[in-house]
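Fold and geometry: a report
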Amino acid sequence: MEVRTAVSPKDIKTYTTDRLREEFLIQNLFTKDEIKMVYSHIDRIITGAATPVNKILGLSSGKELHCEYFLERRELGIINIGGSGIVVIDGKKYAVRRMEGLYVGMGAREISFTSEDTNNPAKFYFNSAPAHKSYPTVLIKREGDEEDGVVIIKEENKVELGSLEESNHRVICKYILPGQVKSCQLVMGMTSLKPGSVWNTMPCHTHDRRMEVYLYFGIPEDAFVMHYMGEPTETRHIVVRNEEAVISPSWSIHSGSGSRAYTFIWGMVGENQEFGDMDAVDNRDLR
């Protein structure tokens, strides 16, 4: 597990492109038959991915967490962006198909990942936050019938925003948030841009009560996203390729513009879970 420290907005004004990427960009997450993780001191979030192909991958705590098992004092949100896979939580199997999610509450001891088809392996992306209470583990689906241990994303949590004229026509699908899936700190979801649109999260904003991580995917090999961060009057950019993530501190804007439409997963950790808890930024103030 890689560990990254917190940073001051004053410091990044002096960062070179390489230093900016070193601190905030997460690359090579989806590595065959490995679990890759980055632990950030910013709200203690862990960003990771499990890509099982020929192996069963078990999630362990590692020396960095100084605990007996990974979720001893944490919670976990998972979204699968690959082929169908299986997540086993303390002996119980959850079939997680593409674009389905899983919330795992604090206290789950044994967690493993496998793929149903080695030719189309699962790609389990996850965020983990510190937790103080255990909430039920649930499978999260976009459609279907709700049953014990399965939550269907509510229609009010599938939100269409923006317009083609503003190049930001997009659909926000909220997976983990109050009123749908209970958690201590973690909020997660996915935003998909419509063809012809390239801007996400615009107009942009900050939220001092929580930080955020973006995972960009669905980007062709020759395409990219320009991810913008920093204080509104001191913006910086990071060029992001397919299946790469960016850490965004609470004081930073977090917005992107791609060379074509794409999808991204957002995960937020902090003291406030209200989705609308944002400090709006006037586009005229951006520099």
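Now for a look at the structure at hand.

Reading the values: the criteria
- Residues numbered from 1 in each chain as written.
- Predicted model: local features only at pLDDT ≥ 70, side-chain atom pairs only at ≥ 80, totals over all residues.
- Heavy atoms only, no water.
- Core = buried A, V, L, I, M, F, W, Y, C linked by side-chain atoms within 4.5 Å.
- Buried < 20%, exposed > 50% of the residue type's maximum accessible area, 1.4 Å probe, protein only.
- Helix = DSSP H or I, 4+ residues; strand = E, 2+ residues; numbered from the N terminus.
- Contact = heavy atoms within 4.5 Å.
- Pairing = 2+ DSSP bridges.
- Axes fitted to C-alpha atoms, helices over the stretch in contact; angles between N-to-C directions.
- Salt bridge = Lys/Arg side-chain N within 4 Å of Asp/Glu carboxyl O.
- Arc of directions from axis to C-beta.
- Polar contact = N/O pair within 3.5 Å; in protein donor to acceptor, adjacent residues only side chain to side chain.

Ranked by internal contacts, the top residues of the largest apolar core, which has 61 residues, are Phe 24, Tyr 175, Leu 215, Tyr 216 and Ile 265. At 6 residues, strand β19 (residues 210-217) tops the list of elements feeding residues into this core. Once residues lying within four places of it in the same chain are set aside, the contact partners of Tyr 175 are Ile 79, Met 99, Glu 100, Gly 101, Ile 140, Arg 142, Ile 153, Gln 180, Val 181, Met 188, Gly 189 and Met 190. Core analysis: the next-biggest nonpolar cluster, separate from the first, contains 27 residues, Ile 78, Tyr 94, Phe 124 and Phe 126 among them.

What follows concerns the sheet that holds strand β21 (residues 236-240). Ordered by their spatial adjacency, 4 strands build an open sheet running β17-β23-β20-β21, and the pairing between neighbours is antiparallel. Only two strands of the sheet have a single neighbouring strand rather than two, namely β17 (199-200) and β21. Bridge count for β17 against strand β23 (residues 255-258) is 2 bridges, and the pairing is antiparallel. Paired with Trp 199 across the two strands is Ser 257, which belongs to β23. In the packing of helix α1 (residues 17-24) onto the sheet, contacts are made with β20 (225-229) and β21, and the angle to β21 comes to roughly 70°.

Time to look at the pattern of salt bridges. In total, this model carries 8 salt bridges according to the counting rule given. Across the salt bridge formed by Glu 2 and Arg 4, the nearest N and O atoms sit 2.9 Å from each other. Given a relative accessible area of 8%, Arg 4 falls into the buried group. The salt bridge partner of Lys 63 is Glu 64, with a shortest N-O separation of 3.7 Å.

This part takes up α1. Three- or four-residue spacings in an α-helix give side chains the same orientation, since the helix completes a turn every 3.6 residues. Residues of α1 that are buried: Leu 20, Glu 23 and Phe 24. Seen end-on, α1 carries its buried residues on one side only, within an arc spanning 75°. Turned more than 90 degrees from where α1 packs its buried face, Asp 18 and Glu 22 sit exposed. Looking at the buried positions of α1, the neighbouring elements they touch are β1 (2-4), β2 (25-26), β20, β21 and β22 (244-248).

The subject of this paragraph is the side chain of Asn 200. By secondary structure assignment, the location of Asn 200 is in strand β17. Residue class for Asn 200 comes out buried when judged on its relative accessible area of 0%. Within polar-contact distance, the side chain of Asn 200 engages the side chain of Tyr 262 at 2.7 Å. Apart from the residues within four sequence positions on either side, Asn 200 is in contact with Arg 170, Leu 193, Tyr 214, Tyr 216, His 254, Ser 255, Gly 256, Tyr 262 and Phe 264.

Positionally, Gly 267 belongs in strand β24 (residues 263-270). In sequence terms Gly 267 and Ile 45 are 222 residues apart; their C-alpha atoms lie 9.3 Å from each other. Not counting the four nearest positions on each side in its chain, Gly 267 is found in contact with Asn 127, Val 187, Met 188, Met 211, Glu 212 and Val 213.

All quantities given are derived from atomic positions and should not be read as evidence of function.
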